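Coordinate inspection notes
Chain residues, written in single-letter form:
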Amino acid sequence: MTSFHTHRARVHDTSLPPYRRHSALRTCLTLFAPYGLRATYHHLTVSARMPRHLETDPDSLVRAVDELHEARELWRARAEEYAADRRAQKRAGRRQPSVTPWWDRYRWGSLDAAWHHDPFLHPPLSLPDYVRRQNALLDGAELPGCPACGEEGPPVSLPSCDGRAELCRSCARVLTPCPCGRWHVFEPTVRVGWSRTWRREHMSGTGGPDPHWPGLRGTARIERLTAYRYPHRPY
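Parameters at a glance
- Note on numbering: residues in each chain are counted from 1, in written sequence order.
- Residues qualify for local features only when their pLDDT is at least 70, as the model is predicted, and side-chain atom pairs are given and counted only at 80 or more; totals for whole chains, interfaces and linings, by contrast, use all residues.
- Side-chain calculation: all heavy atoms of the structure are included, whereas hydrogens and water are not.
- Any residue under 20% of the maximum accessible area for its type is buried, any over 50% is exposed, and the rest in between are partly exposed; the area is computed with a 1.4 Å probe on protein chains only.
- Counting from the N terminus, the helices are DSSP H or I runs at least four residues long and the strands are E runs at least two residues long.
- The arc in question is the one spanned by the directions pointing from the helix axis to the C-beta atoms.
- The contact criterion used is simple: two residues touch if any of their non-hydrogen atoms lie within 4.5 Å.
- Under the rule applied, a polar contact is a pair of N or O atoms within 3.5 Å (in protein, one hydrogen donor and one hydrogen acceptor; residues adjacent in sequence only if both atoms are side-chain atoms).
- Geometry of aromatic contacts follows a simple scheme: Phe, Tyr and Trp rings, the Trp one being its six-membered ring, pair when their centres are within 6.5 Å, and the pair is stacked under 30 degrees between planes, edge-to-face over 60, tilted otherwise.

Buried within helix H1 (residues 4-12) we find Phe 4, His 7 and Val 11. End-on view of H1: buried residues confined to an arc of 75°, all on one side of the axis. On its buried face, H1 sits against helix H2 (18-31) and helix H4 (59-91). Residue Ser 3 occupies the N-cap position of H1, its side-chain oxygen lying 3.3 Å from the main-chain nitrogen of His 5.

In structure tokens:
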């Protein structure tokens, strides 16, 4: 099995060319990506200020993988506690878990599925802060705002089937599903090609966001999502 730590070490290895270190970062993302691979990659390019041309700032790769590593360590510690709790529950005769941990949620049809269909929609939190928030919710904490990002502003109301659903205005997580009883996934009408995101066309040469692409951002981007029926309720 591919080791996260092995590829993290390759990202840190300054003797390797930037494209090899970048490839190692992608392998790390296939092993741990809290927002989904594409959205997590997009988040890291912005948070680490990863320029379009990596040769101008190869240290941005280190900043990105270290943020990912910090979040992964927080997840691993909580996942080990959860596994120990489940073993004790099974010994006591409780075969079904009382709650599904956040890292085991079915992604493509979940409440936060929009992140996986549009990499530009995801929580604005750092990855460690997101993991801390999800761990706290798993432990029963009552936190204000959107469960994913904490946004407390008014939700975005979108048409779905014969009713309307409400989405977080910051990260597009579904807060109130459509009242029709059927599940809907919210996806962009025009998808963003993964190759363009992978090449960091949304970043400038200096590591800041490109002001011209993509044109729609934030709440305006969420308002353009379209509801599609999903065959089952995944939660």
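On to the packing of aromatic side chains. Overall, the coordinates contain 11 aromatic pairs when judged by the stated rule. With centroids separated by 5.6 Å and ring planes inclined at 75°, the aromatic side chains of Tyr 41 and Trp 194 adopt a geometry described as edge-to-face. Here Tyr 41 is found in helix H3 (residues 37-47), whereas its partner Trp 194 is found in helix H7 (residues 194-198), with 153 residues between them in sequence. Taking 5.4 Å as the distance between ring centres and 85° as the angle between the ring planes, the aromatic pair formed by Trp 102 and Trp 103 counts as edge-to-face. Since its relative accessible area comes to 3%, Trp 102 is described here as buried. We classify Trp 103 as buried; its relative accessible area is 19%.

Everything listed is a geometric property; what it means functionally is a separate question.
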